[in-house]
Every structure is written in structure tokens, then in C-alpha cells.
Amino acid sequence: MNKHTVIVIVASGIIICSIGYSGWNIFASEQIQIKSINEGYFSYFDLINNGAILFCNPLSLPASFKEIRMSMIYLDRNVGVLHFPNVILDGNSEIRKQGEFESEDSKQIQYLALHFDGMYNGVIPSRIDLENMMIVTEIDSQVLGFIPFTKIKQYPGLEFWSLMNNQDTDYNC
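Now for a quick tour of the structure. (Residues numbered from 1 in each chain as written. Predicted model: local features only at pLDDT ≥ 70, side-chain atom pairs only at ≥ 80, totals over all residues. Heavy atoms only, no water.)

A closer look at the overall build of the chain
- Each helix and strand counted, the chain has four helices and eight strands in total.
- Across the chain, helices and strands are ordered from the amino to the carboxyl terminus as α-β-α-β-β-β-β-β-α-β-β-α.
- What you see for the chain is a C-alpha radius of gyration of 20 Å, clearly larger than the 16 Å of a compact globule of 173 residues, by over 25%.
- C-alpha extents for the chain along the principal axes are approximately 80 × 30 × 25 Å.
- Taking all 173 residues of the chain together, 40% fall into the buried category. (Helix = DSSP H or I, 4+ residues; strand = E, 2+ residues; numbered from the N terminus. Rg over C-alpha atoms; globule rule 2.2 N^0.38 Å. Buried < 20%, exposed > 50% of the residue type's maximum accessible area, 1.4 Å probe, protein only.)

Set out below in C-alpha cells:
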């Protein structure tokens, strides 16, 4: 076998492995599951102050993501973002990851978080329309190491609260 054939075979193998790994991370981004570190006691207020979440990879192979963001949208306006950079998940495992919360108006997001926590727990009456709160999760990965890919999922506020409390879902870790 001449050296050009060997070079082509090795280069082809590297390209196939790169595409396969990138494809796997894209597939895994759709399978990742999340929940609160205090199952059954999720709080938006704790989320914006503590920022810790459990991430589960129910798949058998590891996955890695450049960043996971959770944006809190109120009245179609982004009021805060929780960032989780460089998330690496082993196969069939979960990790606790500490995020960093950023908001331009900390007083407003604290008020909203406390108010929604009270409404969802049935402690205070609804004074704000529950339909106005939305959580948008974005999972960033890269195809071939340099082409950005983002998986976006939107949750109404109550649906996200139920998800984080592990209600109405199957958490596989």
C-alpha cells in the first residue's frame, strides 16, 4: 500500500469520527434531562441565587456541550439568564452543575421569582398572569469543532416548575 492511500484512509477515519462525535452531541442535546437539586422543592428564587441543577445523560455514551443557558422570559422580555459553561456528561449518569445567573434588573427578577414560587406552591393568590412567564433552554454544541449548533426548547413557567420538581416526567438517572 502506498503512502497516499494510507494518508487518505487515516484522514477519512478522522473525518468520520469527528462527524460521528458531533452528530452524537446533537442527538444527546435532545435527550438531556434536568431537575432541581431538591426534588419536590424547586424554587425559582433558589435557582436565580444558587443556580445549581442536576443534568442527566440517559444515553450510554458521554456527551459534551459548550454551554447550556436557561433564559427567563417575562412579557416577551429576557429578564435573566442562567449560564452553565462546558457541560460534560458521562453516559448513564447525572451531575450537579453550578451556574452563573445574570440579570440587568435584579430587583425585578427577585420579585418575579418569589411571586411565581408563591403562586405555584399555592401560598399566595395569583396577581400576575401565569401565561407571561417562559423558560427557554439553549444547549450549545459544535459540529466538527467550529460550526455552532443550538438546541432550543421553550417551557411555560408552570411546566418548567413541574419539570424541575420531577412531576409528570420520567427522569432516568
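Some details on the pattern of salt bridges
- In the structure shown here, the tally under the stated rule is three salt bridges.
- E67 is the partner of R69 in a salt bridge, and the nearest nitrogen-oxygen pair spans 2.9 Å. Across the pair, E67 and R69 agree in class, each one buried.
- Residue D140 pairs with R69 through a salt bridge whose shortest N-O separation is 2.4 Å. Here D140 is found in strand β7 (residues 133-143), whereas its partner R69 is found in strand β3 (residues 63-74), with 71 residues between them in sequence. In this pair, the class of D140 matches that of R69, namely buried.
- Overlapping salt bridges, with partners in common, bring together E67, R69, E138 and D140 in one network. (Salt bridge = Lys/Arg side-chain N within 4 Å of Asp/Glu carboxyl O.)

Focus: the sheet that holds strand β8 (residues 147-156)
- Pairing in this open sheet of five strands is antiparallel, and the strands run β6-β4-β3-β7-β8 from one edge to the other. Each edge of the open sheet carries a strand with a single partner, namely β6 (100-102) and β8. Each strand of the sheet is rotated relative to its neighbour by a mean of 20 degrees, with strand direction disregarded.
- In the sheet, strand β4 (residues 77-89) pairs with β6 via three bridges, with the strands oriented antiparallel. Residue pairing across strands places L82 opposite F101, the latter belonging to β6.
- Sitting on the sheet, helix α1 (residues 3-31) is in contact with β3, β7 and β8, with an inclination near 35 degrees to β3. (Pairing = 2+ DSSP bridges. Axes fitted to C-alpha atoms, helices over the stretch in contact; angles between N-to-C directions. Contact = heavy atoms within 4.5 Å.)

Quick look at the layout of surface pockets
- Reported here for the largest pocket is a volume of approximately 390 Å³.
- Contributing to the lining of the largest pocket are 22 residues, with I32, Q33, K153, Y155 and L163 lying nearest its centre.
- Contributions of two or more residues to the lining of the largest pocket are made by α1, β1 (33-36), β3, β7, β8 and α4 (157-164).
- Residue composition of the lining of the largest pocket, grouped by class: nine nonpolar, seven polar and six charged. (1 Å grid on protein atoms, 1.4 Å probe; cavity = no way out; pocket = protein on both sides within 12 Å on 5 of 7 lines; lining within 4 Å. Points joined across faces, edges and corners; volume = space filled by probe spheres on them. Nonpolar A, V, L, I, M, F, W, Y, C, P; charged D, E, K, R; others polar.)

Quick look at the sheet that holds β1
- Spatially, β1-β2-β5 is the arrangement adopted by the three strands of the open sheet, whose pairing is antiparallel. Each edge of the open sheet carries a strand with a single partner, namely β1 and β5 (93-98). The sheet shows a mean angle of 30 degrees between the axes of neighbouring strands, direction not considered.
- Across the sheet, α4 lies against β1 and β2 (52-57), angled at about 85 degrees from β1, the strand it touches most.

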